[in-house]
Amino acid sequence: MMSNPHPAARPGHNPDLLALSREAALPPLSAAFAKVLAGFDDALFDRAETAGASQLVFLDGMRELRRRREDIAARFAAHLQQAWAALEAAAPLSAEATLAQAAQGEGGLSLMSEHELESRLAVRNFAGVVLRDWKPVLARLDRRLAWISGVEALDVDTNPIGPEHIGVAVHEAFGACDLAAEVRLVLIKLCEREFAAQVGRIYRDVDERLVQAGVMPGISQPQRPAAPARPARAPAMAEAAAEPGMPQGGEEDFSDPQNAPAWARRFTERWARHRSELQAGAYGGYEGDPALGNQNMILEALHELLAQPRHVREDATAAAQVAVGQQRPLSQHEMMSVLSLLQATPTATLRAAVGDQSESLAQRLKNEVISGATRLGVDPGQARLDPQDEDAIDLVGMLFDVMLDERELEGRSRELIGRLVVPFVKVALLDRRMFVQKTHPARRLLNSLAEACEGNAGESQAERALMGKVEEIIDRLIAEFNENLAIFLTLEEEFRDFLAQHRRRIEIAERRATETQRGQEKLELARARALAELERRLQGAPLPAAIEAFLRQPWNHHLTMSLLREGDDGESVGEALALADVLLEEVAEARRHVVGKPWLQSVQPGLRKVFASVGLHGEGSVGAVDALHDTLQAIAEARPELERALPELPQVSLPTPPAQESAALDLGAEARPESVDHADAARYRAMDIGTWLDFIDKDGKVQAGKLSWVSPISSRLLFVNRRGIRFCVASPEELVVMERLGRLRPHVDDGAFDTAMQGVIERLDPQTTTLH
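Described below are features of the structure shown in this document.

**Observations concerning the overall build of the protein chain**
Point 1. A tally of regular secondary structure across the protein chain gives 29 helices and seven strands.
Point 2. Accessible surface, the protein chain: about 37,500 Å² in total, of which carbon and sulfur atoms supply 52%.

**Description of helix α20 (residues 441-453)**
Point 1. With 13 residues, α20 should reach 18 Å at 1.5 Å per residue; the first-to-last C-alpha distance of 18 Å fits that figure.
Point 2. Within the sequence span of α20, burial applies to Pro441, Ala442, Arg443, Leu445, Leu446, Ser448, Leu449, Ala450, Ala452 and Cys453.
Point 3. Just downstream of α20, Gly455 is the residue with a positive phi angle, here 70°.

**Digging into the pattern of salt bridges**
Point 1. One pass over the structure, following the stated rule, counts 47 salt bridges.
Point 2. The partner of Arg22 in a salt bridge is Glu23, with the nearest N and O atoms 3.7 Å apart.
Point 3. For Arg22, a relative accessible area of 26% puts it in the partly exposed group.
Point 4. Judged by relative accessible area, Glu23 falls into the partly exposed class, the value being 48%.
Point 5. Its salt-bridge partner being Arg443, residue Asp754 comes within 2.3 Å of it at the nearest N-O pair. Residue Asp754 is found in helix α29 (residues 751-764), and its partner Arg443 is found in helix α20; the two are separated by 311 residues along the sequence. In this pair, the class of Asp754 matches that of Arg443, namely buried.

**Focus on the packing of aromatic side chains**
Point 1. Within this structure, the stated rule accounts for 12 aromatic pairs.
Point 2. When the centroid spacing of 4.1 Å and the interplanar angle of 10° are considered together, the rings of Phe33 and Phe76 count as stacked. Remark: Phe76 occurs in helix α4 (residues 69-88) and Phe33 occurs in helix α1 (residues 15-38); sequence separation between them is 43 residues.
Point 3. Note on Phe126 and Phe195: the rings are 6.2 Å apart at their centroids and 5° apart in plane angle, and the pair reads as stacked. Of this pair, Phe126 sits in helix α6 (residues 114-133) while Phe195 sits in the loop between α9 (181-194) and α10 (196-212), and the two are 69 residues apart along the sequence.
Point 4. Owing to a relative accessible area of 0%, Phe195 belongs among the buried residues under this scheme.

**Quick look at unusual backbone geometry**
Point 1. Positive phi, normally seen in glycine, also occurs at Ala638, with a value near 60°.
Point 2. Structurally, the position occupied by Ala638 is in the loop between α26 (618-636) and α27 (678-685).
Point 3. Notably, Ser715 is not glycine yet its phi reads approximately 65°, a positive angle.
Point 4. If you trace the backbone, Ser715 turns up in the loop between β4 (702-710) and β5 (717-720).
Point 5. Assessed through its relative accessible area of 37%, Ser715 is described here as partly exposed.

**Concerning the packing of helix α21 (residues 461-480) against helix α22 (residues 486-538)**
Point 1. It is the contact of α21 with α22, at a shortest axis distance of 11 Å, that shows an interaxial angle of 180°. Relative to α22, the element α21 lies roughly antiparallel. In contact with Ala462, Glu463, Ala465, Leu466, Lys469, Val470, Glu472, Ile473, Arg476, Leu477 and Glu480 of α21, α22 contributes Ile487, Phe488, Leu491, Glu494, Phe495, Phe498, Leu499, His502 and Arg505.
Point 2. Residues belonging to the contact of α21 with α22 are distributed by class as follows: 12 nonpolar, one polar and seven charged.

**Here's the deal with the side chain of Ser572**
Point 1. Of note, Ser572 is situated in helix α24 (residues 571-591).
Point 2. A residue is classified by how much of its surface remains accessible, and Ser572, at 14% relative accessible area, is buried.
Point 3. There is a polar contact of 2.9 Å between the side chain of Ser572 and the side chain of Glu566.

**Let's talk about the side chain of His558**
Point 1. By the element assignment, His558 lies in helix α23 (residues 545-566).
Point 2. The exposure class assigned to His558 is buried, which follows from its relative accessible area of 9%.
Point 3. Ignoring any residue separated from it by four or fewer positions in sequence, one finds His558 in contact with Ala576, Lys609, Val610 and Ser613.

**Describing the environment of Leu330**
Point 1. Note on placement: Leu330 falls in the loop between β1 (328-329) and α14 (332-344).
Point 2. On a C-alpha basis, the gap between Leu330 and Ala383 in space is 6.1 Å, while along the polypeptide they are 53 residues apart.
Point 3. Apart from residues lying up to four places away in sequence, Leu330 is in contact with Met335, Val369, Ile370, Ala373, Val378, Ala383, Arg384, Leu385 and Asp389.

**Topic: the nonpolar core**
Point 1. Judged by nonpolar contacts, the single largest core of 71 residues is most densely connected at Phe400 and Phe488.
Point 2. When residues of this core are assigned to their parent elements, the largest contribution, 10 residues, is made by helix α17 (residues 387-406).
Point 3. For Phe488, the residues in contact, after removing those within four places along its chain, are Phe424, Val427, Pro441, Ala442, Leu445, Leu477 and Phe481.

**Description of the sheet that holds strand β6 (residues 726-730)**
Point 1. Taken in spatial order, the five strands line up as β6-β5-β4-β3-β7 in an open sheet, and their pairing is antiparallel. Unpaired on one side and paired on the other, β6 and β7 (744-746) mark the two borders of the sheet. Strand-to-strand, the axes of this sheet are offset by a mean angle of 35°, without reference to chain direction.
Point 2. Of the pairings in the sheet, the one linking β5 to β6 comprises four bridges and is antiparallel in character. Bridge pairing in β6 links Leu718 to Val729.
Point 3. Across the sheet, α22 is in contact with β4, β5 and β6; its angle to β4 comes to roughly 60°.

Here is what the cut-offs are and how they apply
Residues numbered from 1 in each chain as written. Predicted model: local features only at pLDDT ≥ 70, side-chain atom pairs only at ≥ 80, totals over all residues. Heavy atoms only, no water. Helix = DSSP H or I, 4+ residues; strand = E, 2+ residues; numbered from the N terminus. Areas by Shrake-Rupley, 256 points an atom, 1.4 Å probe, with all protein chains shown as cover. Expected span 1.5 Å × (residues − 1). Buried < 20%, exposed > 50% of the residue type's maximum accessible area, 1.4 Å probe, protein only. Salt bridge = Lys/Arg side-chain N within 4 Å of Asp/Glu carboxyl O. Phe/Tyr/Trp six-rings, centres within 6.5 Å; stacked < 30°, edge-to-face > 60°. Axes fitted to C-alpha atoms, helices over the stretch in contact; angles between N-to-C directions. Parallel < 35°, antiparallel > 145°, perpendicular 65-115°, else oblique. Contact = heavy atoms within 4.5 Å. Nonpolar A, V, L, I, M, F, W, Y, C, P; charged D, E, K, R; others polar. Polar contact = N/O pair within 3.5 Å; in protein donor to acceptor, adjacent residues only side chain to side chain. Core = buried A, V, L, I, M, F, W, Y, C linked by side-chain atoms within 4.5 Å. Pairing = 2+ DSSP bridges.

Nothing here speaks to function; it is geometry throughout.
What follows is the structure, given as structure tokens:
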């Protein structure tokens, strides 16, 4: 048997190879950072020239950068050296833990500022760029460095020269500088643009040096496989000619049902069975591309569904049949002319229909088209809609009816989405692929705009800016869309970039919500423990007024804050509890009428510390301690008239408990643990962070919520909405009850368009709701 040239045994810690790696990585990384840093002041100067009102901010940043350049470079190098030293000690440092440790405020109580969160996210984005561009070589470096350092494994979080640690080094480098938040973010963005590529080249050099030294040569980069041949594009559908500027590929492979939207899969299966029963063999005869056949199957089935109620109406009277036979269908040119007029100047009745849930948008649109044709000189008695055009109007009208009814679109959001109805009718007439092509730019744009509008009441500056961008995009679409569908691609790409920036702010809001909830639960736990300790010490005989007032007010506050800062086993917590016990022992001794004892002598420093925690210092603190002393003396001498009250204390409120979440429904007795199936509750306990659920209010409105955090204290689950704002905190048992009452369900994130199409299919053909 041949021996394995690369044995599985680990060589353990190898100082020589570690030293080689360190010299190949750390000095070049530090030198590359210093080099790009030297050019950043010029970049800030250029930015200042176009910064308008923020010009001084960038000029101040430029001066600070020049003044602290050497210190910045040294701080960058220091973090990498620290991380490398941890690797050499076989205890790799976590980049995430390092950032978290740096974020701890004094006493662990302060919340991270928004600027700090933005800075952290910016360096994480920087790390993500490096990881994306150099992932293969990084994977090899992780294994090789782990091999020579004797640790079990390294990953993106623990590799001392990995993107995450370099991101932390950048964060630490600029952390001590007096820079405005926007300047700091610009500098990190410059690192992403100018430093990331150099980092990657250094990774490649280190990897090659290790290979040359014989470290795991068997994992050298394999040759890239040849790119698979791109399948030929299906012929264009007869109803949709290729549009200049539109993407000519990317249609879903509907020959594989798993690539189709959920509604399309169910719908196709339903109608394929239906047709095979009624017309055995007649429906499966599409030749050529099976994807095209399934697309046409969906469109034909939709036409048949839409035609059924239409035939019922037309068959109502013989006169209607005669009238239809005498009318000519409006030409496409006439249709587009009428719709372009409605797009530019929608009628008051059409605008009203958008805001009226009781009126059918599809019927209103058809009425407006006939009225518009009349204004263009067409005799309404001689014209009618072509059945395929009527299909397009019906589908788009119902699509927007469902979207406006079932999504959280109110006020301005509803009005803006409603303005898209006419342009989308034009798209449906020009290119019916919109209904079956998931990557169609028009539906991608609608998905993005609906996401931006849903639940957006403009309560924050970021939300108002987002709504302003939505309005700008829709205004441009209304003004520029004639019959060239390429405008959707342009606007979708522009809005997608803007939405990505907004999502970064949502992530900041979500992290703040999590930090707030964590702080509130820690506070409530500290309050409960302090109250329990207080009540235990107040049991038994009533205490003198001054002693009880001391325990209920300054001591309780001091103990709560000590628990919050240090936890149950903190030094200050133990001191506070011991102080209360000594004070109670002296009360008991005074009641035995011990005369001449120097009361409170051993605890006076502790008493002054407690009074200082509520803002009582100096003579005020001395007077308060004297009041406690004189009270004990009076009890010992059996002269209650000599007892003294505590002086007036500063108005320091105890920390308030967290605000209770407003319940979406009254759970009543159903939320009791014994009434909930433990398996169902365990399912919610095991739910992954980032999972979305649909919360349904009493009016049937659906709001999506994302699981952002699970409390290690109470096991409650924190959900945030699409804006990153906390809107539900519930136990697993409460979630089970909400599901049982129909107020909670899994969230299917198919986008606004696909979700609305599912609603359209269910309205047209209720049988589809029972499938799968």
